[in-house]
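Spelled out from the first residue to the last, the chains are:
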Amino acid sequence: RAAYFTGFLHFLTFNNEALKTKSDVPGPLEQLKAVICENLTLYATKYQEEFEPCVKGCVQTIFELLVGLDNSEKYDYLATSSMNFLGCAGATSWQAAENPFIVEGTLQKICEQVVLRNIQLRDNDLELFTDNPQEFVRRDAEGADQDTRRKCAMDLVKSLAKLYEAQVTPLLAGYAQALMAQNKDERSKDACIFLVTAMAARGATRARGVSVTNNLVPIVDFFSQHVAPELQGDVNSRPLARAASLKFFTMFRSQIPPAVAGPLIPLICGHVRTNNAVVHTYACNCIERLLAVQEMTPQGPKRRLDLAPVKDVLVATVGPIIQITVAGGVGIPQNEYSMQCVMRIFQSLNEGATSIAIPTIQQLAAVMQAVSRNPINPLFNHYAFEAIATAVKVAVPAQVDAAEQHLIPLCAMLLEQQVTDFMPYAFQILGLLLDGSTTVKPIFMQLFSRILTPELWKFQANIPGLARLIGAYFHKHVQIREPLMGSIEQILARVQFVLQMRRLESTAFDMINAMFSRLPFELYQKFFPTLVTVLLQKLQAKKSAALSQSIAHSFSLFTHIHKDLVLPQVVESVQAGLFLNIVQYVWLPGLSAMRSPAEKKVGALGLAKLLGAPQVASNATVVVLCVEAFGHLLGLVSANGKDVGGEEEEDGVVGGQEFEVSFAKLANTDVAALDPLAAVPDVLVAVRALLKPHIPRLQAAAQAKAELAQVVTVLAS
């Protein structure tokens with residue numbers, strides 16, 4: 001074993017002038033050494049017992065190798081691989097006799113000669129900052145996954161802190177103080193902020209930024225004394241230090257008290273007017289992330305910052321961002337961070353941004369018409385349409401005609417010219433406009449028959465938008481009753497088509513739920529048995545937890561909305577005795593899987609009405625399962641019977657979807673006023689009223705399972 005690892009160490013110390021290259025590309029020797037470091041990292045991770053006798057020698061050799069490298073780009077691969085090994089070894093608990101990190105002076109040498117040296121920006125980094133800001137942001141922005149020296153140095157600090165936090169933190173704090181003493185040098189200020197970030201951050205989410213911190217680092221004091229002052233003065237001065245300060249504020253946004261963060265918003269807003277592209281981008285990102293932070297309260301999520309004192313400042317910030325976008329951006333054309341910022345301002349202020357809604361829509365419509373000729377950034381496109389959607393929701397219904405005046409020509413042009421990247425968004429924006437309009441204009445009548453043509457549905461990215469637009473037509477069923485009645489069969493055929501696509505299964509249920517909640521039953525009553533049969537056949541072909549949950553949600557919605565209990569008879573007509581099986585093995589398990597408050601509300605109301613079905617009410621086993629489901633849906637007990645204090649906050653990251661589908665679905669085209677259950681403010685009160693005739697039966701069920709007594713007591717009170 002020793003000879004095996006000695007061979008690796010020999011090549012790590014081997015040098016040959018003939019193998020050295022003069023270019024910035026790693027030569028064969030650098031590549032070999034980097035791969036050896038990766039191999040040793042694998043041993044330290046997977047084969048610790050076998051590797052332990054050799055860890056001390058490997059750490060010493062790789063440390064000396066790392067210290068001997070200069071800042072040339074050709075050594076970046078080797079430097080990052082070496083730091084990754086040191087981090088992996090430092091995060092592993094070794095026996096005292098073999099542990100190199102408890103040897104006196106080892107941690108100090110690593111912090112001083114590796115960490116401190118590699119967190120500093122190099123000349124080529126500064127060139128990127130000035131000449132290629134888009135690439136700098138891509139490497140440096142929050143959540144970036146580039147394997148740079150700076151990122152690996154930060155990861156090394158976090159790895160060492162897992163076992164040696166008490167020793168490493170004071171060492172790094174001393175170096176941070178030394179860097180702060182060189183405050184006039186922007187590079188030193190940037191390195192100091194970066195070092196404190198590495199010391200302090202222990203865990204983060206996209207929604208809240210850094211959520212777990214090192215208690216030995218006084219984050220708020222450092223922010224107040226060294227970061228916030230950097231944001232004052234001329235926004236065009238000290239751009240490197242300002243960018244680092246904005247990034248620190250963004251990352252630690254949930255750790256800075258609202259009383260400290262709120263008054264700084266005007267200063268941040270001022271930075272969108274800078275002539276430096278990185279500072280402008282980080283300012284937009286900082287505003288957007290600050291406005292997005294929420295805190296959980298007994299009444300539900302609540303925005304962390306009070307925006308009333310800064311409303312006018314935020315409103316005044318939208319104009320400069322749009323003007324910069326129209327002018328082609330500040331060094332970064334089609335900057336998605338700018339559009340995210342505009343979207344979040346409208347989303348946060350709502351009616352408070354009414355005065356700028358139409359001018360913003362007009363300017364963004366012009367921007368997207370120009371961009372449609374050469375769309376180069378899908379993220380920019382997506383967030384630009386999100387910004388348009390949020391502005392439309394603020395403008396309608398009071399200014400719906402003005403919004404249509406600017407957006408209908410844009411959408412018509414995108415559809416006519418078949419701009420495939422933008423067509424999915426056009427359908428959703430048209431759906432939002434139609435929902436907000438009091439009449440159905442001729443262009444919408446002309447579009448209605450066209451959106452049902454099979455060709456449009458073959459492009460999967462179109463489908464979420466088409467589904468959204470069809471939902472808007474359902475909402476206008478009074479004005480377009482005859483055309484709608486004549487097209488129900490076609491619409492259901494499209495639903496069946498989408499239902500066969502695994503990635504778009506949820507969109508098919510969106511269409512079904514829109515039909516249930518917006519259309520009178522008589523419009524689709526003729527086809528309802530066929531729809532139920534299609535859903536049951538889908539369930540039979542491939543049962544899954546997600547499909548069961550979607551069916552439970554749709555059946556609950558239909559049962560709650562419609563006065564008569566139609567569903568049991570329809571299911572029984574397919575096969576005798578089938579309804580009870582569906583309830584027991586699909587519906588109730590689907591309800592137990594629901595997590596969002598909106599889903600639980602639908603599930604609880606539908607289930608309360610379902611107990612009126614004779615097949616359910618007469619089956620004691622199913623009644624017990626219903627009580628368990630009520631406990632989950634109303635937050636009284638969890639699936640394992642323990643009390644539930646509340647759900648964890650979602651971090652907002654969208655995953656598991658392919659690019660074209662996830663980027664076509666706009667989050668801001670849903671209309672709260674069209675919520676079919678908006679008339680039920682208190683779900684528990686409504687459920688109690690529906691269950692009043694069934695309380696004796698529920699009490700009997702609770703006797704069979706003592707832990708459910710609390711649920712029935714709450715339902716009966």
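Quantities reported herein were computed from a predicted structural model and do not represent experimental measurements.

## Let's talk about the overall build of the protein chain
Of the regular secondary structure elements, the protein chain holds 39 helices and 4 strands. In terms of principal-axis extent, the alpha carbons of the protein chain reach across some 85 × 65 × 50 Å. The buried share among the 717 residues of the protein chain stands at 53%. When contacts within the protein chain are restricted to residue pairs at least 6 apart in sequence, long-range pairs at least 24 apart make up 75% of them. Summed over all atoms, the accessible surface of the protein chain reaches about 31,400 Å², with 53% contributed by carbon and sulfur. Treating the 61 positive side-chain charges of the protein chain as one cloud and the 65 negative ones as another, the clouds have centres 4 Å apart.

## What about the packing of aromatic side chains?
Each pair of aromatic rings is reported with the distance of its centres and the angle of its planes. Scanning the model with the defined rule gives 29 aromatic pairs in all. Taking the centre distance of 5.3 Å and the plane angle of 80° together, the rings of Tyr 4 and Phe 5 count as edge-to-face. A residue is classified by how much of its surface remains accessible, and Phe 5, at 4% relative accessible area, is buried. With a centroid separation of 4.4 Å and an interplanar angle of 15°, the aromatic rings of Phe 528 and Phe 558 are classed as stacked. In this pair, Phe 528 is assigned in helix H29 (residues 528–541) and Phe 558 in helix H30 (residues 545–561), connecting sequence segments 30 residues apart. Each of the two residues, Phe 528 as well as Phe 558, counts as buried. Among the aromatic residues, those joined into a cluster by ring pairs are Tyr 4, Phe 5, Phe 8, Tyr 43, Tyr 47, Phe 51, Phe 85 and Trp 94. Lying over the aromatic face of Phe 194, Arg 150 brings its terminal NZ or CZ to 4.0 Å of the ring centre.

## A few points about the pairing of strand S3 (residues 294–297)
Bridging between S3 and strand S4 (residues 300–303) involves 4 bridges; their strand directions are antiparallel. The partner of Met 296 across the bridge, within S4, is Pro 301.

## Some words on empty space enclosed by the protein
Going through the model one piece at a time under the given rule, you end up with 3 cavities of 30 Å³ or more. Space inside the largest cavity adds up to approximately 120 Å³. Residue assignment for the lining of the largest cavity shows that the elements contributing at least two residues are helix H8 (133–140), helix H10 (186–200) and helix H12 (239–251). Here the lining of the largest cavity gets 6 residues from one element, more than from any other, and that element is H12. Its residues assigned to classes, the lining of the largest cavity comprises 10 nonpolar, 1 polar and 4 charged. Computed from the structure, the second largest cavity encloses a volume of approximately 50 Å³. Along the lines of polarity and charge, the residues of the lining of the second largest cavity split into 5 nonpolar, 7 polar and no charged.

## A closer look at the nonpolar core
Core analysis: the largest hydrophobic core is formed by 255 residues, its most contacted members being Leu 40, Phe 85, Leu 195, Phe 249, Leu 314, Met 368 and Phe 630. The greatest single-element share of this core, amounting to 13 residues, is contributed by helix H9 (residues 149–180). Leaving out residues up to four positions away in the same chain, Phe 630 has contacts with Ala 604, Leu 607, Ala 608, Leu 611, Val 687, Leu 691, Val 711 and Leu 715.

## Re the pattern of salt bridges
Counted under the stated rule, the structure contains 23 salt bridges. Here Lys 151 ties to Asp 155 by a salt bridge, and the two come within 3.0 Å at their closest N and O atoms. Taken as a pair, Lys 151 and Asp 155 lie in helix H9 at a separation of 4 residues, close to a single helical turn. Ionic pairing is found between Glu 295 and Arg 304, a salt bridge with its closest N-O pair at 3.0 Å. On the accessibility criterion, Arg 304 (12% relative accessible area) is buried. By sharing partners, the salt bridges in this structure join Asp 76, Arg 122, Asp 125 and Arg 149 into a single network.

## Overview of the packing of helix H6 (residues 106–118) against H9
Two elements in contact, H6 and H9, have axes separated by 9 Å at closest approach and are oriented at 100°. One finds that H6 runs roughly perpendicular with respect to H9. Looking at the contact of H6 with H9 residue by residue, the classes come out as 16 nonpolar, 3 polar and 3 charged.

Rules used throughout
Residues numbered from 1 in each chain as written. Predicted model: local features only at pLDDT ≥ 70, side-chain atom pairs only at ≥ 80, totals over all residues. Heavy atoms only, no water. Helix = DSSP H or I, 4+ residues; strand = E, 2+ residues; numbered from the N terminus. Buried < 20%, exposed > 50% of the residue type's maximum accessible area, 1.4 Å probe, protein only. Contact = heavy atoms within 4.5 Å. Areas by Shrake-Rupley, 256 points an atom, 1.4 Å probe, with all protein chains shown as cover. Lys, Arg positive; Asp, Glu negative; His and termini not counted. Charge placed at Lys NZ, Arg CZ, Asp CG, Glu CD. Phe/Tyr/Trp six-rings, centres within 6.5 Å; stacked < 30°, edge-to-face > 60°. Lys NZ or Arg CZ within 6 Å of the ring centre and 35° of its normal. Pairing = 2+ DSSP bridges. 1 Å grid on protein atoms, 1.4 Å probe; cavity = no way out; pocket = protein on both sides within 12 Å on 5 of 7 lines; lining within 4 Å. Points joined across faces, edges and corners; volume = space filled by probe spheres on them. Nonpolar A, V, L, I, M, F, W, Y, C, P; charged D, E, K, R; others polar. Core = buried A, V, L, I, M, F, W, Y, C linked by side-chain atoms within 4.5 Å. Salt bridge = Lys/Arg side-chain N within 4 Å of Asp/Glu carboxyl O. Axes fitted to C-alpha atoms, helices over the stretch in contact; angles between N-to-C directions. Parallel < 35°, antiparallel > 145°, perpendicular 65-115°, else oblique.

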